[in-house]
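The lines below spell out each chain.
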Amino acid sequence: MLLDEVDAMSPKMQVSLLRVLEEGRITRVGAERPVAVDLRVIAASNEDLQMAITQKRFRLDLYHRLCALFIRLPSLKERTDDILILSRHLLPQLGFSSLRLSNDALALLKRYHWPGNVRELRNVLLRSAQHATGTLITPQDIPQEVTVAAMTPSTVPNGSLRASEQELILRALADTHGNMQQAAARPVELVYARGLDAV
């Protein structure tokens, strides 16, 4: 059984869950007698449960009952290399099995900070796929708010010439809201000037 957002459980629900885990029995709605259950529980939380315990919002005894094995799943912004794999899995689920991300679109998505994690990626892929005209999702198909946020740099171009060129191309695409023709038509000096301004 999967309990998602276990940190949001009310105190009364926490007591009920603890009783089920301790006794291995549940009483169904309308039933008179409890029924024995044999189950394994996976509890998920996007909050620090230790902090919730300190703030008296989560029971310590329930935490110890649930936390036999702790696995921390890193957020999507910490594992941007998974975006390509996830897109190959999600696009067919969304009904777009013939679509894939272009290299430029993938690079743009890797720069985004993904506050909504994989759920947000799913929605962004759906919206992008609906705008795609060929077999590739390009930067201009990606929602504008994602493009703008991805191109608000916290870092400046550095490292290899290829990495710097890619950074500047992505900035030009962001400035033109993903319009590749406008980005390509921009003067080279302007593109490089923007890159140097950030240093």
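Since we're looking at a predicted model, the values are computed, not measured.

**Q** I'd like a rundown of the overall build of the protein, residues and numbers included.
**A** Tallying secondary structure elements over the protein gives 10 helices and six strands in all. Going through the 199 residues of the protein one by one, you find that 33% of them count as buried. Accessible area of the protein: about 13,300 Å², with a carbon and sulfur share of 53%.

**Q** Explain the side chain of Ser 87 residue by residue, including any values.
**A** With respect to the element layout, Ser 87 can be found in helix α4 (residues 82-93). Its relative accessible area of 2% is what places Ser 87 among the buried residues. For Ser 87, the side chain forms a polar contact with the main-chain oxygen of Leu 84, separated by 2.7 Å. Once residues lying within four places of it in the same chain are set aside, the contact partners of Ser 87 are Pro 92, Leu 101 and Leu 125.

**Q** Before we move on, can you summarise helix α6 (residues 117-131) with the specific residues and values?
**A** Its 15 residues give α6 an end-to-end C-alpha distance of 22 Å, which sits within 8% of 21 Å, the value for a rise of 1.5 Å per residue. In this structure, the buried residues of α6 make contact with α4, β5 (100-101), α5 (103-111), β6 (136-137) and α7 (144-150).

**Q** How would you summarise the nonpolar core if you had to cite specific residues and measurements?
**A** Formed by 30 residues in total, the largest nonpolar core has its most connected members in Ile 83, Leu 101, Leu 109, Trp 114, Leu 121, Ile 137 and Ile 142. At the level of elements, α4, α5, α6, α7 and α8 (161-175) are the ones that each hand at least two residues to this core. Of all the elements, α5 adds the most residues to this core, at five residues. Those residues within four positions of Leu 121 in sequence are excluded, and the remaining contacts are Leu 76, Ile 83, Leu 86, Leu 90 and Trp 114. Within the second largest apolar cluster, 13 residues are counted, among which are Met 9, Leu 17, Leu 21 and Leu 62.

**Q** Let's hear about helix α1 (residues 11-23): which residues, and what values?
**A** The α-helix winds at 3.6 residues per turn, so residues separated by three or four positions along the chain end up facing the same way. Between its first and last C-alpha atoms α1 spans 18 Å; for 13 residues at 1.5 Å apiece the expected length is 18 Å, and the two agree. Residues of α1 that are buried: Gln 14, Leu 17, Leu 18 and Leu 21. Taken end-on, α1 shows its buried residues confined to a sector of 100 degrees, consistent with a single buried face. Buried residues along α1 sit against β1 (2-3) and α3 (60-66). Positioned one or two residues after α1, Gly 24 has a phi angle of 70 degrees, which is positive.

**Q** Hey, could you go over the pattern of salt bridges for me, with residue numbers and the actual values?
**A** Side-chain pairs of opposite charge can arise whenever the charged atoms involved come near each other. Summed over all chains, the structure comprises nine salt bridges. The salt bridge involving Arg 25 is made with Glu 23; its shortest N-O contact spans 3.7 Å. On the basis of relative accessibility, which here comes to 44%, the residue Glu 23 falls in the partly exposed class. Among the ionic pairs, Arg 127 bridges to Glu 145, the shortest N-O distance being 2.8 Å. Note that Arg 127 is positioned in helix α6 and Glu 145 in helix α7, a separation of 18 residues in sequence. Judged by relative accessible area, which is 38%, Arg 127 ranks as partly exposed.

**Q** Report on a nonpolar patch on the surface, specifying residues and quantitative values.
**A** A surface patch of nonpolar side chains, about 400 Å² in accessible area, is lined by Leu 69, Ile 71 and Leu 73. Tracing the sequence through the fold places Leu 73 in the loop between α3 and α4.

**Q** Give a description of the environment of Ser 16 that names residues and reports values.
**A** Position of Ser 16 relative to the elements: it lies in helix α1. Measuring from C-alpha to C-alpha, the distance between Ser 16 and Ile 26 comes to 9.2 Å, with 10 residues separating the pair along the chain.

**Q** Quick rundown of the packing of aromatic side chains? Include the residues and the values.
**A** Counted according to the given criterion, the structure contains one aromatic pair. Seen in terms of ring centroids, Tyr 112 and Trp 114 are 4.7 Å apart; in terms of plane orientation they differ by 90 degrees. Their pairing is edge-to-face. Exposure class is identical for Tyr 112 and Trp 114. Each is buried.

What counts, and where the lines are drawn
- Residues numbered from 1 in each chain as written.
- Predicted model: local features only at pLDDT ≥ 70, side-chain atom pairs only at ≥ 80, totals over all residues.
- Heavy atoms only, no water.
- Helix = DSSP H or I, 4+ residues; strand = E, 2+ residues; numbered from the N terminus.
- Buried < 20%, exposed > 50% of the residue type's maximum accessible area, 1.4 Å probe, protein only.
- Areas by Shrake-Rupley, 256 points an atom, 1.4 Å probe, with all protein chains shown as cover.
- Polar contact = N/O pair within 3.5 Å; in protein donor to acceptor, adjacent residues only side chain to side chain.
- Contact = heavy atoms within 4.5 Å.
- Expected span 1.5 Å × (residues − 1).
- Core = buried A, V, L, I, M, F, W, Y, C linked by side-chain atoms within 4.5 Å.
- Arc of directions from axis to C-beta.
- Salt bridge = Lys/Arg side-chain N within 4 Å of Asp/Glu carboxyl O.
- Patch = residues over 30% accessible without salt bridge, like charges linked within 9 Å, V, L, I, M, F, W, Y side chains within 5 Å.
- Phe/Tyr/Trp six-rings, centres within 6.5 Å; stacked < 30°, edge-to-face > 60°.

Such coordinate-based values are descriptive only and should not be taken to indicate function.
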